[in-house]
Amino acid sequence: MRDWPVLDLGTQPNLKAEDWTLTIGGAVKRPFQWSWADLQRETQTDSTSDIHCVTAWSRYDNKWRGVLMSRVIEAAQAKPEAKFVILKSFDSYTTNLPLADLQHPDVLLATHWDGVPLTREHGGPVRLVVPHLYFWKSAKWLRQIWFTDRDTPGFWESRGYHAYGDPWKQQRYKSDR
Ligand SMILES: Nc1nc2c(c(=O)[nH]1)N[C@H]1C(S)=C(S)[C@@H](COP(=O)(O)O)O[C@H]1N2
Ligand SMILES: [Mo]
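Please read these numbers as outputs of a predicted model, since none were measured by experiment.

A. View of the nonpolar core. Within the largest apolar cluster, 31 residues are counted, with the highest numbers of intra-cluster contacts made by M69, L102, L109, I145 and F147. Broken down by element, the residue count for this core peaks at five residues, all from helix α2 (residues 69–76). Ignoring any residue separated from it by four or fewer positions in sequence, one finds I145 in contact with L22, T23, I24, G25, M69, V72, V85, I86, L87 and L102. By size, the runner-up hydrophobic cluster in this structure holds 17 residues, among which are I51, A110, W113 and Y134.

Dropping the structure here:
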């Protein structure tokens, strides 16, 4: 399979790389904003991982390239009370996850997939990739990372989906343990 399914709210932001910004704020000691140029100055990492969608498809061995999320977190200097993050995207999509999960070594702010720049429909110029959780946590067109002390449900999480979404435990819906 050369490509993979496109799933989103239906409005795909048409963002040029020069217009992309990432805002980091909330419970951090050093809030900041990154432009595309700032992102390019960081170390670019290659990482191969699998995609697990809640609708039961998986796509193995995706070659992602981008900046490690652990690098972003390090730069922000989370305050001790920051245990969760809420991600916001340019299409107003939101999703939540524990801060610890963003620090996994395969979590990337991805700009490339299989050697080519991420297409608009797959979240280009920059999307998050969190391979160890269901793919709805991997925010496309990422715009903001907000650190908080409380887990706040995002778009799907407030519509019956699981707060955490571990594919190995099949945590699809709120009622799944
Ligand atoms: N900004 C944004 N990110 C998003 C979504 C969305 O609607 N908007 N959908 C999520 C869902 S439900 C899935 S399954 C994946 C789909 O990513 P893909 O279209 O690249 O396959 O993106 C996730 N990230
Ligand atoms: Mo999804």
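B. A look at the pattern of salt bridges. Applying the stated rule across the entire model yields seven salt bridges. Across the salt bridge formed by K16 and D19, the nearest N and O atoms sit 3.9 Å from each other. Take K16: its relative accessible area is 51%, and that puts it in the exposed class. The exposure class assigned to D19 is partly exposed, which follows from its relative accessible area of 45%. One network of salt bridges, with partners in common, ties together E42, R71 and E74.

C. Spotlight on the site of ligand 1. Of all residues adjacent to ligand 1, which total 19 residues, the nearest are P5, D91, H122, R127 and K140. In this structure, H122 approaches ligand 1 through a side-chain N or O atom, which is 2.6 Å from an oxygen atom. Measuring from an oxygen atom of ligand 1, one finds a side-chain N or O atom of K140 at 2.6 Å. Coverage of ligand 1 by the protein chains reaches 97% of its 530 Å² of free accessible surface. For the shell around ligand 1, the residue count by class is twelve nonpolar, three polar and four charged.

Cut-offs and rules
- Residues numbered from 1 in each chain as written.
- Chains lettered and ligands numbered in written order.
- Predicted model: local features only at pLDDT ≥ 70, side-chain atom pairs only at ≥ 80, totals over all residues.
- Heavy atoms only, no water.
- Core = buried A, V, L, I, M, F, W, Y, C linked by side-chain atoms within 4.5 Å.
- Buried < 20%, exposed > 50% of the residue type's maximum accessible area, 1.4 Å probe, protein only.
- Helix = DSSP H or I, 4+ residues; strand = E, 2+ residues; numbered from the N terminus.
- Contact = heavy atoms within 4.5 Å.
- Salt bridge = Lys/Arg side-chain N within 4 Å of Asp/Glu carboxyl O.
- Near = heavy atom within 4 Å.
- Polar contact = N/O pair within 3.5 Å; in protein donor to acceptor, adjacent residues only side chain to side chain.
- Areas by Shrake-Rupley, 256 points an atom, 1.4 Å probe, with all protein chains shown as cover.
- Nonpolar A, V, L, I, M, F, W, Y, C, P; charged D, E, K, R; others polar.

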